Amino acid sequence: EQSIGGGNYTTVAASQAVTSLSAASLTNGTAYSYRVLASLDGTVFGLPSRPVTITPSANPVENVSIAKLSLNQGVEKFIAGQTDSISVPAIQDRTGYLRLYLQAQNPHSQAQKLLVKLYSQRNSQTLTRIEQEVLFRSSDADNEVLNQINIELPEWINKAGTEFYIELGNSRLPSTGTTSFGFVAVPKMQVRLFPLNANGVSIPENEWETYRLELQKYLTAMFPSVGVEVQLAPVPQEYANLVINTVDSWNTELSSFDQLRDTEIEGKPALASVFYYGMFRPTEVDQGGGLAGLANTNIGYPTSNNPPSLSGIGIAYDIKTFVETAAHEIGHNLGRIHVNGVGDGCQFPGPTDESYPHANGVIGKTGLNLLTRQLLASNYYFDIMSYCSRVWISDYNYKAMYDFLTALYQNNNVTASVAKIPPTPGYFMRGLLYADYAEVTGVFAGKGYEFSGNSGLKLRVLNDRQELLEYAVQTIEVDHSDARSWKAFIPESSGLVKAFLYSEEQDRVLWEAEESGLSSNVLASSSLVSPVIRVAEDRYAYYNQEEQNTLLRLSRDGGLTYEVIAMGKIRQTEFNAKAGDLFEVQTSQGLWPQVFQYVLP
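What you see is a predicted model, and the numbers here were worked out from it, not measured in a lab.

**Describing the overall build of the protein chain**
Along the backbone of the protein chain there are 5 helices and 43 strands. Relative to its full complement of 601 residues, the protein chain shows a buried share of 48%. Working note: accessible area of the protein chain is about 29,000 Å², and carbon and sulfur atoms make up 47% of it.

**Concerning the sheet that holds strand β38 (residues 508-514)**
The strand order β34-β33-β37-β38 describes an open sheet built from 4 strands, whose pairing is antiparallel. Edge positions in the sheet fall to β34 (468-472) and β38, since each of these pairs with one other strand and no more. With direction set aside, neighbouring strand axes in the sheet form an average angle of 25 degrees. As paired elements, strand β33 (residues 457-463) and β34 share 5 bridges and run antiparallel to each other. Across the sheet, residue L462 finds its bridge partner in β34, namely L468.

**Quick look at unusual backbone geometry**
The residue after L173, namely P174, is reached through a cis peptide bond having omega -10 degrees. Note on placement: P174 falls in the loop between β15 (171-173) and β16 (179-180). With a phi angle near 55 degrees, S25 is a residue other than glycine that sits in the positive phi range. For S25, the location among the structural elements is in the loop between β1 (2-4) and β2 (32-34).

**Concerning the pattern of salt bridges**
Throughout the structure, instances matching the rule amount to 20 salt bridges. Linking E76 and R99 is a salt bridge whose minimum nitrogen-to-oxygen distance equals 3.9 Å. Separated by 23 residues along the polypeptide, E76 in strand β7 (residues 76-80) and R99 in strand β9 (residues 96-103) bring together distant segments of the chain. Accessibility classification places E76 together with R99 in one group, the buried group. Ionic pairing is found between E574 and R539, a salt bridge with its closest N-O pair at 3.3 Å. Within this pair, whereas E574 is found in strand β41 (residues 563-576), its partner R539 is found in strand β40 (residues 539-555), the two being separated by 35 residues in sequence. Judged by its relative accessible area of 26%, R539 is partly exposed. The network of salt bridges with common partners includes D84, K365 and D395.

**Digging into the sheet that holds β9**
Within a sheet, each strand pairs with its neighbour through backbone hydrogen bonds, oriented either parallel or antiparallel. The strand order β7-β6-β9-β13 describes an open sheet built from 4 strands, whose pairing is antiparallel. Whereas interior strands pair on both sides, the edge strands pair on one side only; in this sheet they are β7 and β13 (148-153). Taken over all neighbouring pairs, the strand axes of this sheet differ in orientation by 30 degrees on average, direction set aside. Alignment of strand β6 (residues 65-72) against β9, held across 7 bridges, turns out to be antiparallel. Looking at β9, one finds that K68 is bridged to Y101.

**What about the side chain of T325?**
Along the chain, T325 turns up in helix α3 (residues 319-333). Within the local environment of T325, its side chain forms a polar contact with the backbone oxygen of T321, the two atoms lying 2.7 Å apart. Once you skip the residues sitting within four places of it in the chain, T325 turns out to touch Y277, A292 and G293.

**A short note on the confidence of the model for the protein chain**
Reading fine detail from the predicted coordinates is not recommended where pLDDT is low. With 83% of its residues at a pLDDT of 70 or more, the protein chain shows a mean pLDDT of 80. Predicted confidence in the protein chain is weakest over helix α5 (residues 515-525), with a mean pLDDT of 44, and strongest over strand β28 (residues 382-383), with 97. Of the regions scoring below 50 in pLDDT, residues 141-146 engages in 4 contacts with residues more than four places distant in sequence or in other chains. Note that pLDDT drops below 50 for residues 417-421; the model gives that stretch 22 contacts with residues more than four away or on any other chain.

**Thoughts on the environment of P308**
Within the fold, P308 resides in the loop between β23 (293-295) and β24 (311-315). Through-space distance from the C-alpha of P308 to that of G335 is 8.9 Å; in sequence the pair is 27 residues apart.

**So, the state of the cysteines**
Per the counting criterion, the structure on display carries 1 disulfide. The side chain of C346 participates in a disulfide bridge whose partner is C388; the two sulfur atoms lie 2.0 Å from each other. Every disulfide takes its handedness from the sign of the S-S torsion; for C346 and C388 that torsion is 110 degrees, giving right-handed. Taken together, the residues C346 in strand β25 (residues 346-347) and C388 in strand β29 (residues 387-388) connect sequence positions 42 residues apart. Residue C346 shares its accessibility class with C388, and that shared class is buried.

**Considerations on the pairing of β33**
Counting buried positions along β33 gives 5 out of 7 residues, so the element sits mostly inside the fold. As paired strands, β33 and strand β37 (residues 496-503) are joined by 7 bridges and run antiparallel to one another. Paired with L457 across the two strands is S503, which belongs to β37. Taken together, β33 and the strand that follows it, β34, pair antiparallel across an intervening segment of 4 residues, in which Q466 is found at a positive phi of about 60 degrees.

**Thoughts on a nonpolar patch on the surface**
Together, I533, V535 and Y543 make up a nonpolar patch on the protein surface, roughly 250 Å² of accessible area in all. Structurally, I533 is set in strand β39 (residues 532-536).

**Description of the side chain of S386**
Along the chain, the position of S386 falls in the loop between β28 and β29. Residue S386 is classed as buried on the basis of its relative accessible area of 5%. Of note is the side chain of S386, whose polar atom sits 2.6 Å from the backbone oxygen of D383. The residues touching S386, leaving out its near neighbours within four places in the chain, are H328, V339, G341 and V391.

**Section: the packing of helix α1 (residues 208-222) against α3**
For the pair α1 and α3, the least separation of the axes is 10 Å and the interaxial angle reads 55 degrees. It follows that α1 is oblique to α3 by the angle criterion. As for the relative orientation of α1 and α3, their crossing is right-handed in sense. The segment α1 lies against α3, with T210, Y211, E214, L215, Y218, L219 and M222 engaging I319, F322, V323, E324, A326, A327 and I330. Looking at the contact of α1 with α3, its residues break down into 11 nonpolar, 1 polar and 2 charged.

**As for helix α2 (residues 247-265)**
In this model α2 runs 28 Å from its N-terminal to its C-terminal C-alpha over 19 residues, within 8% of the 27 Å that 1.5 Å per residue would give. Residues S249, W250, E253, L254, F257, D258, L260, R261, E264 and I265 constitute the buried set of α2. Each element contacted by the buried residues of α2 is listed here: β18 (189-195), β21 (241-242), β22 (275-280), β23 and β24.

Conventions and cut-offs
- Numbering of residues starts from 1 in every chain and runs along the sequence as written.
- Given that this is a predicted model, residues contribute local features only at a pLDDT of at least 70 and side-chain atom pairs are listed and counted only at 80 or more, while totals for whole chains, interfaces and linings are drawn from all residues.
- Computation of side-chain values covers all heavy atoms of the structure but excludes hydrogens and water.
- Helix and strand definitions follow DSSP, with helices as H or I runs of at least four residues and strands as E runs of at least two, each counted in order from the N terminus.
- Three labels apply to residues, based on accessible area from a 1.4 Å probe with only protein chains included: buried if under 20% of the type maximum, exposed if over 50%, partly exposed otherwise in between.
- Working definition of accessibility: Shrake-Rupley area with a 1.4 Å probe, residue cover restricted to the visible protein chains.
- Pairing between strands is defined by DSSP: at least two bridges between the two strands are required.
- Here an angle of 0 to 180 degrees is reported between the N-to-C directions of two axes, which are lines fitted to C-alpha atoms, with helices fitted over the stretch in contact.
- In the sections that follow, a salt bridge refers to a side-chain nitrogen of Lys or Arg positioned within 4 Å of a carboxyl oxygen of Asp or Glu.
- Two N or O atoms form a polar contact when they lie within 3.5 Å of each other; inside protein one atom must be a possible hydrogen donor and the other a possible acceptor, and for residues adjacent in sequence the pair counts only when both atoms belong to side chains.
- The contact criterion used throughout is that any non-hydrogen atoms of two residues lie within 4.5 Å.
- As a per-residue measure, pLDDT reflects the predictor's confidence and takes values from 0 up to 100.
- Cysteine sulfur atoms are paired as a disulfide whenever they fall within 2.5 Å.
- A residue counts toward a patch only above 30% relative accessible area and without a salt bridge, and it is joined to like-charged neighbours within 9 Å or, for Val, Leu, Ile, Met, Phe, Trp and Tyr, to nonpolar neighbours within 5 Å.
- Oblique is the label for any angle not covered by the other classes, which are roughly parallel (under 35 degrees), roughly antiparallel (over 145) and roughly perpendicular (65 to 115).
- It is the rotation of the near helix from the far one that decides the hand of a crossing: anticlockwise by less than a right angle makes it left-handed, clockwise makes it right-handed.
- Each residue gets one label: Ala, Val, Leu, Ile, Met, Phe, Trp, Tyr, Cys and Pro are nonpolar, Asp, Glu, Lys and Arg are charged, and the others, such as Gly, are polar.
- Take the residue count of a helix, subtract one, and multiply by 1.5 Å to get its expected span.

Written out as structure tokens, the structure is:
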């Protein structure tokens, strides 16, 4: 059946046992909707399918091509179409986005559906082809952002020796043969985290693991390494009580802490590349001179013959300040000096790097936070070595840290190992938002990533340490409704006691609930019904209620390594596996996937 311009549906083809039909003599600029009904022996039964609407265009896309191609594993690296002034490394086994910048010969206003195909091979062995449907919009220069497509690369592609080419319609990149990502192996960084006492104040032991995990995720997302492993370390009694009340006392305690590292690594070459970081809970007299952290800066390494001093100390009273301070101080350990950030939320840090290439201390290249899958604007975020509130890492310091780590590992004979950022256990919350109130429709447990962006809503969480944490809320328009759908993700480590949905625009709380109230919702709705059933010996089937962009992975070793079963628009598929294998489902939510894992029965 066909509807023209939103009018009534009329039959255009009946009683045909076919899988496709063509429509001709259509009018450009007019919206046509089509739906299908089923019949048996000439009798129509059931409901019609969901309608599909398309508007023919007088100027279809012609000669669509890939103008530029880049890889982003934290910092954007151009592979084709543009030359980088600073060439950052492509790191083996590290998650990343392949980013395509499209252009067309004939600009147009109607969205056109295209299929991108990524072919890859390694050691003369063909790898699984990746396909992704995209909508191509205007090709005007002012709307270039609409023409950028992001494809997340699975880990089995991100390895040294991988070569590839891309097809987009009649366009091919490169025009002949293949090109290489140029992946290099970089060992995992290791950090030992020491909870210290300062001025008689200690960090409660039940908070240590949260700080460890959050620092590990943040450094893994930002630093040029296959991953970062942060381990909690016991503190010898003689180093467990810092006295910090002046700038000089910071220096004294750092020197003492550095001595701890020297003592532990003596005669142990395996520890020579390990970073030591001490965290402490500040009091009113802690911040002598306004410091939040202090670390050794190994300027000149490796041209100097001295081994680097990889130690630093810093405050820990909230997660954001802690991880950013620690990353900044470990950046000093990696030979980096301050960057002069000029803008909102920035302070002058004192002597700065005069060779820094980007004006006002911005990062200069599009960043990618692998924790949230959030792309970070090159002229909005400042370098991690600045004194700014909105920070990421620049190509300049990313490359410099990589050079430092490469020399450090070569000098200490450290080899590469595989690591990745795991999704965080926590709770997904969703509900409906009305003009003057909100409601929760479901809370369920799972593994995922925090959302990002500014929707005008914040989910505020009062934790068991009486801290008020804040998480981004994603809002979605609901068809034929005055309400909007909202959803958020709360990490399990937040220590939830009470949750509030806060409207920045209205400056008031729209909804709140105690942890006990949320727990009943979790129990009622979060017993995740497995979408997998066993259909035969060592054979399983996956089913979903609707077709959606999905990545299915299987781990046969308890989550250490994964293989991709299928990816794309999936409603059902079958695969070989064994009872006890770990099955993972990632469903696309823009750039931020939701991840669920099941042990196969």
